[in-house]
Amino acid sequence: MQAPVNHIVGLTSIVRERILPFSGTVLVQLNQKVSPNEVIAESNWAREHILLDVARLLRVTPAVAERLIKIKVDDRVPANTEVAVGKGLFPRSVRTPREGRVVVVGGGQVLIEVGDPKIELHAGLPGTVVEIIPNRGAVIQTAGALVQGIWGNGRIESGLLVNIAESPNGVLVANRLDVSLRGSILLAGMVKDAETLKAASELPVRGLILSSLYPSLIPMAREMRFPIMLTEGFGALPMNSAAYKLLSTNAKREITVNAEIYDRYSGARPEAIIQLPTFTDPPIPHEVDDFSPGLQIRMRRPPAMGMIGSIVAIPRGLTMLPSGLRAPAAEVKLENGETVIVPLVNLEVVG
Amino acid sequence: MPSSLVDGNSLLAVDVGAANTRAVLFDVVEGEYRFVASGTAPSTAEAPLKDVSEGARQAIRNLQALLGRPLLDKQNNLITPNQPNGSGVDALVVTISAGATIRTVIVGLLKDVSIESARRLTESTYARIVETIGLNDQRRPDQQIDNIIRMRPDLLVITGGTDGGASRSIKKLLEPVGLASFLLPEEKRPAVLFAGNEKIGDEVRDMFGPLTASLHLSPNVRPSLETEDLEPAQRELAHIVVGIRKRQIKGVDLLDQWSDGHILPTAYATGRMVRFLAKVYGSKKGILVVDIGASAALISAGFKDKSTLNVYPQFGLGENLPGLLNYTSLEDILRWSPLDISTGVLRDYLYQKSLYPSAIAATKEDLAIAQSVTRQALYLAMQSARRDFPRNIATIKPNLTPLFEPILAGGGALSDALRPGQGLLILLDSLQPVGVTTVILDQNNLLPLLGAAASQNNILPVQVLESGAFLSVGTVVSPVVTAKYGTPILLGKLTYENGVEARVELKYGSLETLPLQSGEVGKLAIQCLRGANVGFGPGRGGTIPVSGGALGVVFDGRGRPLDLPSDPVRRRELIKKWNWTIGGE
């Protein structure tokens, strides 16, 4: 059976396709070096509009209003621009309430897009542009350590990694955040209260790599202006030992956290990257693997959720689980020495 | 046009679900169609493979390993038709429920008329209504435009106006909708289904034709104020959904090609089967089909004159799980649990499980939570679906579940249940059937696949249905009565074919069973006490023929609506007792 892979790798080539959701302009060139927050492509997509019903405002028919309208499609109009003037001794006039661009004129009406229509695509990782995807984006490659998470709040930032989690099951509390941590990306444990997020925001930190977060804090975490990446998920879950070990041994190094929102269909997921110098490109990790004895795995569900272990054996056919259900399963030896029977669908390969 | 399957002997059916893809072979055995075997593999709509044909191929490979005959050639393409050496199949049908929920904007005139029809139409597939535009909308047109743009819909469902009726209002409503479509990036413009006043069809074509590559017009869902006809629009919607999936998910086009166009949304195929069953087996009672899995909960009911089909992605047990809390409370979910589980643990479960929808319960605690969530989700789905049932249907009490015969249940959450009894208890708790009904488990989730095949080969579904491919759980007797806990409410006497008799005294608040094996029949004499009603009238009994099943005849005396004790300790003890009686644990 094919196994999903969660990348926690000390040194690997990281190749990421970064594309706009729709056509736009690519701003980078082949072989260009990029930083994580660099805009590599942009597009325009206005999400705010004003519809001026000139005919109704001037109390004329749409056909008459058409003739009175002075602006045309694609005109950039400052606020208070005269759009149309009626007839008579004291003619009424229609003016633009805000600055914008005319997108439609017709039927005695004018539709103006207002606000900033720009959509920017950031590189998301430090690296080199290895391919241009015309009108959509680019493929960026780098080498370094990679830790993938399971949830992100959509922000990107780079900074110095500081480990303040003394162990994988540490809890980050507000009074642990002092001024010496300002501008750092923190490897911290789990967050259980809003005060901690507020304190991190006020400091401010540049990012948080957490094991888990209480579900009630998700809306607040989404509002934070710095990236938050969770390695395990929601509730009070310790960080898996592989991620903790890799990140904690890279403390004091420059790290990029791209807390991309997890999208199971596109494959986008949050990740932390520590760029490392290499002479040759290290191998690219597999995206899928086949379950087999000896593979290092991570437990996705209880028992021992989040724990690292290795597959000892995969019995043929269906195996009775402790719950009583029957499913294709593996015998797994956990890092604490315990052996458990786990359904294959509850496992992911670490590598 | 797809070619007919009537001449085909062997039929391969592939169901691409959110979590699993199944390949099922139907073939002629001793002159009749039979379910032969099925192979399952994890679905591959999601990253990293992002190609549903990979999961389909793996499921077919697993099936061919069971069959001992190749169905795929060396290039991994389907061998069709069936070859003289036994390899391949004559035809393929596909159903699909995988894919993100389809974001839909509905447009109609009046809230209780065309907008209501648009809602029902949209709820017949894997869609979520993200915006409603109607005549009584107080927002400015530019606010409506911006909202539609922000929602980035996949689909616009436009209704409104009776045939030949006024058209000005609906045309006015279409202006902001058309403008919003125009303003969306070309590759993100939604598909459009117009099912309103047929008189303005040409104008709709003129307005939306240049804006979308997928414009569909169907007969009016509301040809007159009093009449609603969703079926033609549902058929059109099914084609649109497949088109959207082709655009969104790689591999759907290949399955479409292999199946020669015989690909349908799973829900639509199920609904088609319910209509078919209602016609073939219809009685005074309705036919109920329920299905609950990772992508959605589905309730479809077939009555003499009308069928309903409701798909609720918000009650699916996968990625939408945290959203369940918009419709219910943690406490209401936990009322079904036999174990003492805190609300915090449940909340964490809902969020964490949404990250890994295909994961299954490996521990007893996880299973208790999973089954509690299943009960509540199915309960909510049933409560929602009841709103759309026709008025003139057989009931014991108007506020209770109507009378159904049979109830057919499928979906991952039920077919994964430990034992048939556990599946039955989940159904009794969530659907709360009344009177006398047969409960059948679709353990192999065949029903939608039969529905997909039905329009091309109407012999196959009938023969497979009658072949024993479905698991009869048994006959359930659920009296409607008000009584004190422990009071006798019904006496039952089951007479077996050999003349032997078995008796039961059902007390309020309890569950009882009388054994009657699958394939056996018997006569059940019911005597109702304290005004209990099983469909013959208050306090009236009768004798009815019953057929056996895995659990024989089950008597559910727990009251309707089901009355759970408010004391948590007592409630958990009772649930454990019921689990022991029916679930075998």
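Residues numbered from 1 in each chain as written. Chains lettered and ligands numbered in written order. Predicted model: local features only at pLDDT ≥ 70, side-chain atom pairs only at ≥ 80, totals over all residues.

1. Looking at the overall build of chain A
When its secondary structure is counted, chain A shows five helices and 31 strands. Relative to the 2.2 N^0.38 estimate, which gives 20 Å for 351 residues, the radius of gyration of chain A is 27 Å and therefore markedly larger than a compact globule would have. In chain A, which comprises 351 residues, the proportion classed as buried is 42%. Long-range pairs, those at least 24 residues apart, make up 61% of the contacts in chain A with a sequence separation of at least 6. (Helix = DSSP H or I, 4+ residues; strand = E, 2+ residues; numbered from the N terminus. Rg over C-alpha atoms; globule rule 2.2 N^0.38 Å. Buried ≥ 20, exposed ≤ 12 C-beta atoms within 10 Å, placed from the backbone. Contact = placed C-beta atoms within 7 Å.)

2. Description of the packing of helix 8 (residues 266-281) of chain B against helix 14 (residues 447-454) of chain B
Residue and element names in this part refer to chain B. Axis separation between helix 8 and helix 14 bottoms out at 7 Å; the angle between their running directions is 75°. Classified by the angle their axes make, helix 8 and helix 14 are roughly perpendicular. Only Leu-447, Pro-448, Leu-450, Gly-451, Ala-452 and Ala-454 of helix 14 make contact with helix 8, whose side of the interface consists of Thr-266, Ala-269, Thr-270, Arg-272, Met-273 and Phe-276. Class assignment for the residues of the contact of helix 8 with helix 14 results in eight nonpolar, three polar and one charged. (Axes fitted to C-alpha atoms, helices over the stretch in contact; angles between N-to-C directions. Parallel < 35°, antiparallel > 145°, perpendicular 65-115°, else oblique. Nonpolar A, V, L, I, M, F, W, Y, C, P; charged D, E, K, R; others polar.)

3. With respect to the domain arrangement of chain B
How big an interface is tends to be stated in terms of the accessible area lost upon association of its parts. When its domains are assigned, chain B resolves into domain 1 (11-98 + 253-261), domain 2 (102-248) and domain 3 (267-313 + 388-583). Each of domain 1 of chain B and domain 2 of chain B has a C-alpha centre, and the two are 35 Å apart. (Domains from an automatic or database assignment.)

4. Some details on the interface of chain B and chain A
Between chain B and chain A, the residue contacts involve 37 residues of the former and 37 residues of the latter. Elements with a contribution of two residues or more to the side of chain B that touches chain A: helix 3 (141-151), helix 4 (168-183), helix 10 (343-355) and helix 11 (364-386) of chain B. The dominant element in the side of chain B that touches chain A, judged by the number of residues it contributes, is helix 3 of chain B, at six residues.

5. A few points about unusual backbone geometry
A cis amide bond, omega 5°, links Ala47(B) with the succeeding residue Pro48(B). With respect to the helices, strands and loops of the structure, Pro48(B) is situated in the loop between strand 3 (32-42) and helix 1 (52-67). Look at the link from Glu405(B) to Pro406(B): it is a cis peptide, with omega at -5°. Unusually for a residue other than glycine, Asn80(A) sits at a positive phi of about 70°. Among the structural elements, Asn80(A) can be located in the loop between strand 7 (76-77) and strand 8 (82-85). Look at Lys252(A): it is not a glycine, yet its phi comes out positive at around 75°.

6. So, the sheet that holds strand 3 of chain B
Across a sheet, paired strands are connected by hydrogen bonds in the backbone, their directions being either parallel or antiparallel. All names here are of chain B. What the five strands build is an open sheet, ordered 3-2-1-4-10; its pairing is mixed. With one partner strand each, in any of the chains shown, strand 3 and strand 10 (263-265) form the two edges of the open sheet. Put simply, the sheet's adjacent strands are angled 20° from each other on average, direction ignored. In this structure, strand 4 (residues 91-96) lies alongside strand 10, joined through three bridges in parallel fashion. Residue pairing for strand 10: Val-94 is matched across the bridge by Ile-263. Running over the sheet, helix 1 touches strand 1 (11-16), strand 2 (20-29) and strand 3 and is turned about 125° from strand 3. (Pairing = 2+ DSSP bridges.)

7. Overview of the sheet that holds strand 6 (residues 127-133) of chain B
All names here are of chain B. With respect to topology, five strands assemble into an open sheet ordered 6-5-7-8-9, the strand pairing being parallel. Two strands lie at the open edges of the sheet, namely strand 6 and strand 9 (215-217), each paired on one side alone. Going across the sheet, the axis of each strand differs from the next one's by a mean of 20°, ignoring polarity. As defined by bridge partners, strand 5 (residues 102-107) adjoins strand 7 (residues 155-158) across four bridges and the pair is classed as parallel. In the sheet register, Val-105 faces strand 7, and the bridge partner there is Leu-156. Relative to strand 9, helix 5 (residues 201-208) is tilted by about 175°, and along the sheet it contacts strand 8 (191-194) and strand 9.

8. Here we look at the pairing of strand 31 (residues 347-350) of chain A
Here two bridges tie strand 1 (residues 2-6) of chain A to strand 31 of chain A, and the two strands are oriented parallel to one another. Along strand 31 of chain A, the bridge assignment pairs Asn6(A) with Val350(A).

9. Some points on the environment of Val14(B)
Assignment of secondary structure puts Val14(B) in strand 1. If sequence neighbours within four positions are ignored, Val14(B) has contacts with Thr21(B), Ala23(B), Ala56(B), Ala59(B), Leu92(B), Val94(B) and Leu255(B).

10. Quick look at the packing of helix 3 of chain B against helix 4 of chain B
Residue and element names in this part refer to chain B. At a minimum axis separation of 9 Å, helix 3 and helix 4 run at an interaxial angle of 45°. Judged on the interaxial angle alone, helix 4 and helix 3 are oblique. Along this stretch, helix 3 crosses helix 4, giving a crossing that reads as right-handed. Contacts between helix 3 and helix 4 pair Pro-141, Gln-144, Ile-145, Ile-148 and Ile-149 from the former with Glu-175, Pro-176, Val-177, Leu-179, Ala-180 and Leu-183 from the latter. Residues that form the contact of helix 3 with helix 4 fall into these classes: nine nonpolar, one polar and one charged. (Left-handed = near helix turned anticlockwise from the far one by under 90°.)

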